[in-house]
Amino acid sequence: MKYFSNATPEEVGLDKNLTSAIDAMMEKHLADGWVTSESVQIICKDKVVYRSDRGYENYTEKRPLRENSLFRMASMTKPVITVCVMLLVEEGKIDIEDPIEKYMPVFKDMQVAEFDAEGNRIGTHPSPRPITIHDLLSHSNGLLSGMHQDKLECNMEFPPNCVLADKIEHWGNSYLAFDPGTQTDYSWLIAFDVLARLVEMLSGMTIAEFAQKRIFDPLEMTDSTFHPTEEQWNRAVEVCVANGEGKFEPQNWLDKQILWMCPVSYESGAGGLVSSMNDYSRFAHMLCNDGISCGVRIMKEETARMMHTLLLPSHIPGNSEYETWGLGVRVITKTNGKEMPMLPGVFYWSGAYATYFWCDPDRQMVVVFGTNMMGCNVPLHHELQCAVYENIGTLHNDVQ
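Conventions used here
Residues numbered from 1 in each chain as written. Predicted model: local features only at pLDDT ≥ 70, side-chain atom pairs only at ≥ 80, totals over all residues. Heavy atoms only, no water. Salt bridge = Lys/Arg side-chain N within 4 Å of Asp/Glu carboxyl O. Buried < 20%, exposed > 50% of the residue type's maximum accessible area, 1.4 Å probe, protein only. Helix = DSSP H or I, 4+ residues; strand = E, 2+ residues; numbered from the N terminus. Contact = heavy atoms within 4.5 Å. Pairing = 2+ DSSP bridges. Phe/Tyr/Trp six-rings, centres within 6.5 Å; stacked < 30°, edge-to-face > 60°. Expected span 1.5 Å × (residues − 1). Arc of directions from axis to C-beta. Polar contact = N/O pair within 3.5 Å; in protein donor to acceptor, adjacent residues only side chain to side chain. Axes fitted to C-alpha atoms, helices over the stretch in contact; angles between N-to-C directions. Left-handed = near helix turned anticlockwise from the far one by under 90°. Nonpolar A, V, L, I, M, F, W, Y, C, P; charged D, E, K, R; others polar.

Engineer: So what exactly am I meant to see when it comes to the pattern of salt bridges here?
Structural biologist: It is possible for side chains bearing opposite charge to pair when their charged atoms get close. Applying the stated criterion to the full structure yields 22 salt bridges. The shortest N-O distance in the salt bridge between R63 and E61 comes to 2.5 Å. Taking the relative accessible area as the measure of exposure, R63 reaches 25% and is therefore partly exposed. The exposure class assigned to E61 is exposed, which follows from its relative accessible area of 54%. Through salt bridges with shared partners, one network takes in E57, E61, R63 and R66.

Engineer: It is not clear to me how the environment of T77 should be interpreted in this structure. Could you clarify?
Structural biologist: One can find T77 in the loop between β5 (70-72) and α3 (78-90). Judged by relative accessible area, which is 0%, T77 ranks as buried. Considering only alpha carbons, one finds T77 and A270, 193 residues apart in sequence, at a separation of 5.9 Å. Residues contacting T77, with those up to four places away along its chain left out, are F226, S268, G269, A270, G271, G272 and L273.

Engineer: Explanation requested: the sheet that holds strand β18 (residues 373-374) in the structure shown.
Structural biologist: In a beta sheet, neighbouring strands are held together by backbone hydrogen bonds and run either parallel or antiparallel to one another. Strand order in the open sheet formed by 3 strands is β9-β8-β18, with mixed pairing between adjacent strands. Either end of the sheet is taken by a strand with one partner, and the two such strands are β9 (248-250) and β18. Sheet analysis places strand β8 (residues 240-242) next to β9, joined by 3 bridges and oriented antiparallel. In the sheet register, C240 faces β9, and the bridge partner there is P250.

Engineer: Please clarify how the packing of aromatic side chains should be interpreted in this entry.
Structural biologist: The tally for this structure, following the rule as stated, stands at 14 aromatic pairs. Seen in terms of ring centroids, Y59 and F248 are 5.1 Å apart; in terms of plane orientation they differ by 75 degrees. Their pairing is edge-to-face. Taken together, the positions of Y59 in the loop between β3 (47-58) and β4 (63-64) and F248 in strand β9 put the pair 189 residues apart, joining distant regions of the chain. Across the pair, exposure class does not vary: Y59 and F248 are buried alike.

Engineer: For this particular structure, what's the right way to read helix α2 (residues 18-31)?
Structural biologist: Each full turn of the α-helix corresponds to 3.6 residues, which orients residues three or four apart in the same direction. With 14 residues, α2 ought to run about 20 Å at 1.5 Å a step, and its terminal C-alpha atoms sit 20 Å apart, in line with that. Those residues of α2 that sit buried are L18, I22, M25, M26 and H29. Around the axis of α2, the buried residues are gathered within 95 degrees of arc, so they sit on the same side. The inward-facing, buried residues of α2 contact α1 (9-12), β2 (37-44), β3 and α11 (377-389). Positive backbone phi, approximately 80 degrees, marks G33, located one or two places after α2.

Engineer: Would you mind going over the side chain of N319 with me for this structure?
Structural biologist: Relative to the elements of secondary structure, N319 occurs in the loop between α10 (301-307) and β13 (323-325). A distance of 2.8 Å separates polar atoms of two side chains, one belonging to N319 and the other to T324. With sequence-adjacent residues up to four places away left out, N319 is seen in contact with T184, L312, P313, S314, T324, W325 and R330.

Engineer: Any chance you could explain the side chain of E323 here in plain terms?
Structural biologist: In this fold, E323 is placed in strand β13. The exposure class of E323 is buried, given its relative accessible area of 13%. A polar side-chain atom of E323 sits 2.6 Å from a polar atom in the side chain of Y348. If sequence neighbours within four positions are ignored, E323 has contacts with R330, V331, I332, T333, M340 and Y348.

Engineer: Would you mind showing me how to read the packing of α3 against helix α6 (residues 190-203) here?
Structural biologist: When two helices pack together, their arrangement is given by the angle between their axes and by how far apart the axes lie. Running from N to C, α3 and α6 cross one another at 40 degrees; their axes reach a closest spacing of 10 Å. Handedness of the α3/α6 crossing: left-handed. Contact residues: α3 offers K78, I81, T82, C84, V85 and L88, while α6 offers F192, L195, A196, V199 and L202. For the contact of α3 with α6, the per-class residue count stands at 9 nonpolar, 1 polar and 1 charged.

Engineer: Explanation requested: the pairing of β2 in the structure shown.
Structural biologist: The side chains of a regular strand alternate between the sheet's two faces. With 8 of 8 residues buried, β2 is to be regarded as a mostly interior element. Alignment of β2 against β3, held across 8 bridges, turns out to be antiparallel. Within β3, the position partnered with I43 by the bridge is V48. Hairpin remark: β2 followed by β3, antiparallel, with 2 residues in the connecting loop; positive phi at K45, about 55 degrees.

Engineer: What am I meant to see in helix α9 (residues 277-288) here?
Structural biologist: Here α9 contains 12 residues, and its C-alpha end-to-end distance of 16 Å stays within 8% of the 16 Å for a straight helix at 1.5 Å per residue. Among the 12 residues that make up α9, 11 are buried, leaving the element largely enclosed by the rest of the structure. Taken as a whole, α9 has its buried residues at M277, D279, Y280, S281, R282, F283, A284, H285, M286, L287 and C288. Phi turns positive, to about 60 degrees, at D290, one or two residues after α9.

Engineer: What am I meant to see in the pairing of strand β7 (residues 121-126) here?
Structural biologist: Relative to β7, strand β6 (residues 111-115) is paired through 5 bridges, and the arrangement is antiparallel. Each residue of the ladder has a partner; that of E114, found in β7, is G123. From the end of β6 to the start of β7, which pair antiparallel, there are 5 residues, and G119 there has a positive phi angle of about 90 degrees.

Here it is, written out as C-alpha cells:
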C-alpha cells in the first residue's frame, strides 16, 4: 500500500506561515492549560504538509504524546458507521429511504412526546410516518434528542456484557422528541447504535468485524478498533478535565473504557472507536477523495459524494445559517470570516473528548485533530479552523 509522502505547505499551494500559525496555536493551548496533549495532521493534495504531536499521552505519568498514541474517537465513530451503512446501500441490501421498522419491527407505531412551555410532557401523538435510514443518518429522527431527553423514557442502562442487540427493544419503546423528518437535532447515541445493529443484522458480522473487514483492513488502519489490546491500551491518551487553574484532573474511571456508560462488550456505533492520528487521517482522506485512499477504494465515487450532499431542506428547523447535515457529517453552506472560517463544501465532525476532523474536497485537504479532553471542544476547533484558513494561500484562488 502506498502511503502519503511529505511536502511543505508552499509546495501544495498553502501559505508558508501555516506551520508557524498552528505551532503557535498548539503551544498556546498547552501553556494556557486548555489541554494535556494535541496532535494535528494535515494532508493536502495527497501529501502530509503538517504533523505535530505535543504534550502528554499520559498526564499522570508525564509520558509524552507519541505519533502512534491512540485516541478515544467518541462521535467520530459515526462517520465510520455511515460508511458501513453506505456499503450496504451499494450492495442493494438497503435503501436510505427504507423505514427502519422494515428491519426492526419494534420501531413501528412510535409515539412522539408533547411538551408544555415548562418542559413537562403533557401527552403523545402517533408518529405521522416511520423513521427512515436517512432520518437516522441525518439526525432528523427524534431518538434521544431535543431539549427534554430525560423525559423520552429511553432506557440508558447498560448491564455487564451488554451488546447492541440488547438495547433495540428498549429504544423502540421510547418516545420521539419530534415527528421524523420535520426538524433536525443531534441524536448523540441511539440513532447510530441502531444503524450499527442494522449492519450486524444484514451482514452476519458484529459491527466491529464489519468495519475491520471492509474499512480498517483494506486501509491498513492497524490501530483502529472497538476492542483495544493490552498493548494498545498502553498507548491510549489519558482523558482529563481542565480545572481552570492550569492543572488537570485525570478521569481514571475511564481506564480501559471507551464510553463512560458502556461496558467493553458494547460496540457503540455512536462512539465506541479507538484510533490513531495516522489511521483516522487515512479514513478521512478516503472520504475527501471520493472513496479512495492510498490506491485502495472503499466506496464508489457517487456513494462517497452522497455523504456530503445536502439532503435535508435548507429551511428545516435545527439547521443553522452556515451548515446542515449530510449523512453522518455536517456540511458547510456559508462562510462568515472568523465566525465561520471554513468554506462552503467542507464537511466535518467531532467527538465528545474533543477529537475533530474536516475534509475540504475542493482543495483536496484533510485536517485531523486529536486530544482526549472533556469540555473544551468548540474553542479548540475554531482556533484550528482560523489558523488553517487564514493561511490557505493560493488554494483559495484555485477553486474560485
